[in-house]
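The residues making up each chain are set out below.
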2 protein chains.
Amino acid sequence: MVAYLDWDKTYDFVREVFKAYGVPEEDAIICTDVLLDADKRGMDTHGLNRLKPIYIDRIKDNIQSPVTEWEIIKETPTTAVIDANDGMGQVASYHSMRIAIEKAKEYGMGMVAVRNSTHYGTAGFYTEMAAKAGCIGVSGTNARPSIAPTFSVQNKLGTNPLAFAFPTDEEFPFSLDCATSIIQRGQVELYDREGKDTPAGTVIGQDGSAMTDSPAILQALLDGTAALAPLGGIGEELGGYKGYGYATVVEVLSAALQQGNFLSMLTGIGEDGGKIKYHLGHFFMAIDTEAFMGLENFKKTTGEILRELRAAKTAPGEERIYTAGEKEYLTWMERKETGLAVNKSVQEELVAMRDDAGLDQFVFPFEKE
Amino acid sequence: MVAYLDWDKTYDFVREVFKAYGVPEEDAIICTDVLLDADKRGMDTHGLNRLKPIYIDRIKDNIQSPVTEWEIIKETPTTAVIDANDGMGQVASYHSMRIAIEKAKEYGMGMVAVRNSTHYGTAGFYTEMAAKAGCIGVSGTNARPSIAPTFSVQNKLGTNPLAFAFPTDEEFPFSLDCATSIIQRGQVELYDREGKDTPAGTVIGQDGSAMTDSPAILQALLDGTAALAPLGGIGEELGGYKGYGYATVVEVLSAALQQGNFLSMLTGIGEDGGKIKYHLGHFFMAIDTEAFMGLENFKKTTGEILRELRAAKTAPGEERIYTAGEKEYLTWMERKETGLAVNKSVQEELVAMRDDAGLDQFVFPFEKE
């Protein structure tokens, strides 16, 4: 049932889909880069399967604009506040990190906060922009309420990623791009498809104890009667207050620098039950390694740290130790040969978008069989 | 057996002890501020009990200098690299954050990396300096190898705190100051004293499984046959790779910006088994909220986020929800009335330092009884 698509042809298709729904070509290229980068690195929850539900459907629902009229509403030598005006989050975010990098190259550091934005894709895309430019990259975003604070059972915080990327002397950057919850809904969906329970400690029910029945969790997350546990788990014993603290850090950095929305304001559902604009907030930071002891020195020391970590003694039964960004790099090495795997439901979405947009020049290999 | 000491008298005593061992008065004040701040906020593992073993003994062992000849070895508008020349980590760190704040006030952001340093106390002291100045504060430090990477059983990374503080419109700042391990050695010592097992998942043994016997863990940590698990625990299932990733972020930011030592270089033990200088690295970042939408707006939004979190639905059996820095503030409200509690072993250390330093003007209340 899984079909493998050619990367270049898929790239052209996705770009044309964005254009067909009103995204200008230059912006459609940015959106396509961000989307397929997730598939390339194995972050399958943020890739092609999101094109229709997260981007195209929201454009059609008029809760985000295909044309991104982003504007700088405040600026200093190292900082800026950008209003995305409900356009494409990826476009506002790309330009925000670009500006942060330009400021870092001139003054040593740069930081941009974004308001009135929409889903920006993977945080790692932007932090790696900085790493490619010889900078330390940091980014985060708020999101729909999912995580319960420690000692609470109510979903309040988004899965709020706190992402870092560093240039190294290796083939790929150090890149840590992870939610401050233990898992996300997509992981529960995967457990469900595999007929497995969800690990105890990752989801909290209304009675305060761990939920493990995957189908029940999926329903309860929709009802708001379950919430994700922060990194560190339920309660304090295994450090859950730390993950809760980092999720709060991201919520504050995403909202308070730009006077934006936060927590329960970000459900995407209005008082009448209808869909409303998200008004998400993001932040982007770039720090130029040349403003410290230089890029080459930074790369070398970072590479040495990563290699020493990988050379640590393995636990019995484990083959090797990874560093952040390494598995993603290895995934891309494999996938660039095999192509992009798409399951039946994504295949149907691709055909539906193609037909809806009248992009008849695209024929998918799974249609020929 | 516990005695309660007057805060002001203890302050004078600690300052005079630092001075007696060669720390200049101005620097002794900084070191005393940092040390007692930990006791005030309830971080008892980093307070008065560390005066003798971590600071005075190391000065006497000649592995750190009481006089801190810190110097700026590189500087840009927003950044600086400081060499602490093996002086007092607190002094180099205080000035580093002061400089980061000054740069942030002028350019919007500031960041300082420190090399050849020693134990700097609690990260939160420095991040809260920034918050008091209306800035976002960020800090971290590397430390002796303690945490095993995911899939490893070897202690490699320090407990590497990643700390943030934000100004708010409340009585106290948001302040998250926590290690990127789940627990630290001091917590195991506490479980041991209480006759309790250490929770499964916090410490990994050589066989790759969790150790829970507290006395056995304390010995194994000394032998290097146990390691702390990163936040998220052993393996990947509960997100251990995230805590491992954040510990790596701190290791890189602490070392690679200043070409310093890292990981196994930081044991403090030389090839001949003798004590050697630590050569720790730290980083300090300040971001001026006035460079975004202004301090008052930042404080208000942050306060609103924290209040909404505290107002979330509590789990059954839980009385209330806290935000980071709140328990520490409540602890100080209580302790400023009761005084500083010191147990028998700390009492003995205080008397020993007093007698060794000839500070006969100080008589402790527990000596009168």
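Thresholds, definitions, all that
- Residues numbered from 1 in each chain as written.
- Chains lettered and ligands numbered in written order.
- Predicted model: local features only at pLDDT ≥ 70, side-chain atom pairs only at ≥ 80, totals over all residues.
- Heavy atoms only, no water.
- Helix = DSSP H or I, 4+ residues; strand = E, 2+ residues; numbered from the N terminus.
- Rg over C-alpha atoms; globule rule 2.2 N^0.38 Å.
- Buried < 20%, exposed > 50% of the residue type's maximum accessible area, 1.4 Å probe, protein only.
- Contact = heavy atoms within 4.5 Å.
- Lys, Arg positive; Asp, Glu negative; His and termini not counted.
- Charge placed at Lys NZ, Arg CZ, Asp CG, Glu CD.
- Phe/Tyr/Trp six-rings, centres within 6.5 Å; stacked < 30°, edge-to-face > 60°.
- Pairing = 2+ DSSP bridges.
- Axes fitted to C-alpha atoms, helices over the stretch in contact; angles between N-to-C directions.
- Right-handed = clockwise from strand over helix to strand, strands pointing away.
- Domains from an automatic or database assignment.
- Buried area = accessible area lost by both parts, 1.4 Å probe.
- Salt bridge = Lys/Arg side-chain N within 4 Å of Asp/Glu carboxyl O.
- Polar contact = N/O pair within 3.5 Å; in protein donor to acceptor, adjacent residues only side chain to side chain.
- Expected span 1.5 Å × (residues − 1).
- Parallel < 35°, antiparallel > 145°, perpendicular 65-115°, else oblique.
- Left-handed = near helix turned anticlockwise from the far one by under 90°.
- Nonpolar A, V, L, I, M, F, W, Y, C, P; charged D, E, K, R; others polar.
- Core = buried A, V, L, I, M, F, W, Y, C linked by side-chain atoms within 4.5 Å.
- 1 Å grid on protein atoms, 1.4 Å probe; cavity = no way out; pocket = protein on both sides within 12 Å on 5 of 7 lines; lining within 4 Å.
- Points joined across faces, edges and corners; volume = space filled by probe spheres on them.

Quick look at the overall build of chain A
When helices and strands are tallied, chain A shows 12 helices and 11 strands. Its C-alpha atoms give chain A a radius of gyration of 21 Å, near enough to 21 Å, the size a compact globule of 369 residues would have. Based on the C-alpha atoms only, the size of chain A along its principal axes is roughly 55 × 50 × 45 Å. With 369 residues in all, chain A has 60% of them scored as buried. By sequence separation, contacts in chain A at least 24 residues apart represent 66% of the contacts at least 6 residues apart. Across chain A, 35 positive and 55 negative side-chain charges occur, with their mean positions spaced 1 Å apart.

Side note on the packing of aromatic side chains
For the coordinates displayed, the defined rule picks out 28 aromatic pairs over all chains. Ring centres of A:Trp7 and A:Trp332 lie 5.2 Å apart, and the angle between their planes is 85°; on these two criteria the pair is classed as edge-to-face. With A:Trp7 in helix α1 (residues 7–20) and A:Trp332 in helix α10 (residues 326–338), the pair connects residues that are 325 residues apart, well separated along the chain. A:Trp7 sits in the buried class, given a relative accessible area of 9%. For A:Trp332, a relative accessible area of 23% puts it in the partly exposed group. Aromatic pair B:Tyr120 and B:Tyr126: ring centres 5.0 Å apart, planes at 35°, arrangement tilted. The same class applies to B:Tyr120 and to B:Tyr126, which are both buried. One aromatic cluster in this structure is built from A:Phe13, A:Phe362, A:Phe364 and A:Phe366.

So, the sheet that holds strand β7 (residues 174–176) of chain A
Residue and element names in this part refer to chain A. Ordered in space as β2-β3-β4-β10-β5-β6-β7, the seven strands form an open sheet in which the pairing is mixed. Looking at strand neighbours, the two that pair on one side only are β2 (71–75) and β7, the edges of this open sheet. The average undirected angle you get between the axes of adjacent strands in this sheet is 15°. Inspection of the sheet shows strand β5 (residues 135–141) paired to strand β10 (residues 280–288) by seven bridges, in the antiparallel sense. Of the residues in β10, the one forming a bridge with Thr 141 is His 282. Contacts from helix α5 (residues 123–132) reach β5, β6 (162–166), β7 and β10 within the one sheet, and its direction differs from that of β5 by about 160°.

Focus on the pairing of strand β4 (residues 109–117) of chain A
All names here are of chain A. In terms of residue burial, β4 counts as a mostly covered element, since eight of its nine residues are buried. Sheet analysis places strand β3 (residues 79–83) next to β4, joined by five bridges and oriented parallel. Residue pairing across strands places Val 81 opposite Ala 113, the latter belonging to β4. Remark: the β3/helix α4 (residues 89–107)/β4 crossover connection has right-handed handedness. Relative to β10, β4 is paired through seven bridges, and the arrangement is antiparallel. Residue Met 109 lies in a different strand from β10, and its bridge partner there is Ile 287.

Comments concerning the domain arrangement of chain A
Residues and elements named next belong to chain A. With domains assigned, chain A is organised as domain 1 (1–60 + 343–369) and domain 2 (67–182 + 229–338). In this structure, domain 1 and domain 2 have C-alpha centres spaced 24 Å apart. Between domain 1 and domain 2 lies a buried interface of about 2200 Å² when both sides are counted; carbon and sulfur atoms form 63% of it. Three residues stand out in domain 1 for area buried against domain 2, namely Ile 30, Val 34 and Arg 41, and they jointly supply 28% of the buried area on that side. If you look at where domain 1 meets domain 2, you find two salt bridges. One can count eight residue pairs in polar contact (both at pLDDT 80 or more) joining domain 1 with domain 2. Listing elements by their share of the side of domain 1 that touches domain 2, those giving two or more residues are α1, α2 (25–40) and α3 (51–60).

Points about α1(A)
All names here are of chain A. With 14 residues, α1 extends 20 Å from end C-alpha to end C-alpha; this agrees with the ideal 20 Å at 1.5 Å per step. Inspection of α1 places Trp 7, Thr 10, Phe 13, Val 14, Arg 15, Glu 16, Val 17 and Phe 18 among the buried residues, and these make up the whole buried set. With a side-chain oxygen lying 3.1 Å from the backbone nitrogen of Asp 8, the N-terminal cap of α1 falls on Asp 6. In the stretch just after α1, Gly 22 is the one whose phi turns positive, near 105°.

With respect to the packing of α1(A) against α2(A)
Residues and elements named next belong to chain A. In the contact formed by α1 and α2, the axes pass within 8 Å of each other and the chain directions differ by 135°. The angle between α1 and α2 places the two elements in the oblique class. In this structure, α1 crosses over α2, and the sense of that crossing is right-handed. Counting all contacts with α1, which are made through Trp 7, Thr 10, Tyr 11, Val 14, Arg 15, Phe 18 and Lys 19, the residues of α2 involved are Glu 25, Ala 28, Ile 29, Cys 31, Thr 32, Asp 33, Leu 35, Leu 36, Asp 39 and Lys 40. Partitioned by chemical class, the residues of the contact of α1 with α2 number nine nonpolar, two polar and six charged.

Notes on the pattern of salt bridges
All chains considered together, the criterion is met by 50 salt bridges over all chains. The salt bridge partner of B:Lys105 is B:Asp288, with a shortest N-O separation of 3.7 Å. Residue B:Lys105 is located in helix α4 (residues 89–107), and its partner B:Asp288 is located in strand β10 (residues 280–288); the two are separated by 183 residues in the primary sequence. The structure contains a network of salt bridges with shared partners spanning A:Asp169, A:Glu170, A:Arg307, A:Arg310, A:Arg320 and A:Glu326.

Considering the nonpolar core
A:Phe166 and B:Phe166 are the most contacted members of the largest nonpolar core, which has 102 residues in total. Apart from the residues within four sequence positions on either side, B:Phe166 is in contact with A:Val249, A:Val252, A:Leu253, B:Ala131, B:Ile136, B:Pro173, B:Phe174, B:Phe298 and B:Thr302.

Examining empty space enclosed by the protein
Scanning all chains against the criterion turns up one cavity of 30 Å³ or more. Residue lining of the largest cavity: 17 residues in total, with A:Val138, A:Phe164, B:Val138, B:Phe164 and B:Met285 positioned closest to the centre. Every element with two or more residues in the lining of the largest cavity is listed here: β5, β6 and β10 of chain A together with β5 (135–141), β6 (162–166) and β10 of chain B.

Let's talk about the interface of chain B and chain A
Counting residues at the interface gives 93 residues for chain B and 92 residues for chain A. Interface area, chain B with chain A, both sides summed: about 7800 Å², of which 71% is carbon and sulfur. The tally of links between chain B and chain A comes to four salt bridges. Joining chain B to chain A, the criterion identifies 36 residue pairs in polar contact (both at pLDDT 80 or more). Those elements that place two or more of their residues in the side of chain B that touches chain A are β2 (71–75), β3 (79–83), β4 (109–117), β6, β7 (174–176), α8 (240–255), β10 and α9 (295–310) of chain B.

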